[in-house]
Amino acid sequence: TFSRAKQESPGVYMFTFRPKAGEHQITVCASFGEYKRTVQIPLKVCSRKMMYRQALDRNMKWFMKSGLVDGADARGGVKSTLEIGGLYAGIAEDLPSPYRVDCQSMSGKAFYLYGELTGNNIWKTRAKNLAELVIVNQFSDQTKPTFGTFKWLFSGFNTIYPQDDNNRNIDFLAFLWQK
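Nothing here was measured: the structure is a model prediction, and the numbers come from that model. (Residues numbered from 1 in each chain as written. Predicted model: local features only at pLDDT ≥ 70, side-chain atom pairs only at ≥ 80, totals over all residues. Heavy atoms only, no water.)

K.L.:
Requested: an account of the environment of Ser-155, with residues and values cited.
P.N.:
As for its placement among the helices and strands, Ser-155 is situated in the loop between α4 (121–136) and α5 (163–178). A C-alpha to C-alpha distance of 9.0 Å links Ser-155 and Arg-100, two positions 55 residues apart in sequence. In this structure Ser-155 touches Pro-96 and Ser-97, once residues within four positions along its chain are discounted. (Helix = DSSP H or I, 4+ residues; strand = E, 2+ residues; numbered from the N terminus. Contact = heavy atoms within 4.5 Å.)

K.L.:
Just give me the short version of the packing of aromatic side chains, but keep the residues and values in it.
P.N.:
For the structure shown, the criterion picks out 6 aromatic pairs. A ring pair is formed by Trp-62 and Phe-63, whose centres lie 5.5 Å apart and whose planes are at 75°; its orientation type is edge-to-face. What makes Phe-63 buried here is its relative accessible area of 14%. Ring geometry for Tyr-114 against Trp-123: centres 5.1 Å apart, planes inclined by 90°, an arrangement best described as edge-to-face. Across the pair, Trp-123 and Tyr-114 agree in class, each one buried. Here a set of aromatic residues connected by ring pairs shows up, and it is made of Trp-62, Phe-63, Phe-111, Tyr-114 and Trp-123. (Phe/Tyr/Trp six-rings, centres within 6.5 Å; stacked < 30°, edge-to-face > 60°. Buried < 20%, exposed > 50% of the residue type's maximum accessible area, 1.4 Å probe, protein only.)

K.L.:
Give a description of unusual backbone geometry that names residues and reports values.
P.N.:
Its identity is not glycine, yet Ala-74 carries a phi of approximately 65°, on the positive side. Assignment of secondary structure puts Ala-74 in the loop between α1 (48–66) and α2 (84–89). Using a relative accessible area of 0% as the deciding quantity, one classes Ala-74 as buried.

K.L.:
Hey, could you go over the confidence of the model for the protein for me, with residue numbers and the actual values?
P.N.:
Per-residue pLDDT for the protein has a mean of 86; in total, 89% of the residues score no lower than 70. Mean pLDDT across the elements of the protein bottoms out in α2 (51) and peaks in α4 (97). (pLDDT = per-residue confidence, 0-100.)

K.L.:
Tell me about a nonpolar patch on the surface, residues and numbers included.
P.N.:
A cluster of nonpolar side chains, namely Val-28, Val-39 and Ile-41, defines an oily patch on the protein surface of about 200 Å² accessible area. With respect to the secondary-structure elements, Val-39 resides in strand β4 (residues 35–45). Judged by its relative accessible area of 31%, Val-39 falls in the partly exposed class. (Patch = residues over 30% accessible without salt bridge, like charges linked within 9 Å, V, L, I, M, F, W, Y side chains within 5 Å. Areas by Shrake-Rupley, 256 points an atom, 1.4 Å probe, with all protein chains shown as cover. Salt bridge = Lys/Arg side-chain N within 4 Å of Asp/Glu carboxyl O.)

K.L.:
I'd like a rundown of α1, residues and numbers included.
P.N.:
Taking 1.5 Å of rise per residue, 19 residues should cover 27 Å, and α1 covers 26 Å from first to last C-alpha, within 8% of that figure. When α1 is considered as a whole, its buried residues turn out to be Met-60, Phe-63 and Ser-66. With its buried residues spanning 135° around the axis, α1 presents them on a single face. For α1, the exposed residues lying more than 90 degrees away from the buried face are Arg-58, Lys-61 and Lys-65. (Expected span 1.5 Å × (residues − 1). Arc of directions from axis to C-beta.)

Below you can see the structure in the form of structure tokens.
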């Protein structure tokens, strides 16, 4: 039910409306002289927590259907990009490898957290598989100045070591270490 109309300015009226959770249909009618217009407006009411959960569920379904994740268990990795234009016009980036190491870390952390949220362990398995890919892409030759850093790409040129990408990799591995 609506409260009594409060006129905010000429022609603009405000109503207080506190619907219960669920699906609603609001009918709004405006008239001026002999002209009248009625519009049906759908309204979905749910908690912020529920909206976040629905957004997460939709996004994780997209991840698995988009072609970004290689294998049902993500053992092959997660591609670094899929541009909407790329769906129609071809590849989105001209890189020697479609797999960036830091993208494994960002996706892996999200997958693990989603697994905790849903209780579905396949997401944690995917995260752990991505962590393995991160680890095998770390430089381990102690005689080189790159020791401890991570490749930027799975394959191709290894002369770029963005600091923020390395930070993402360490954040992911430290996160999993605590689990």
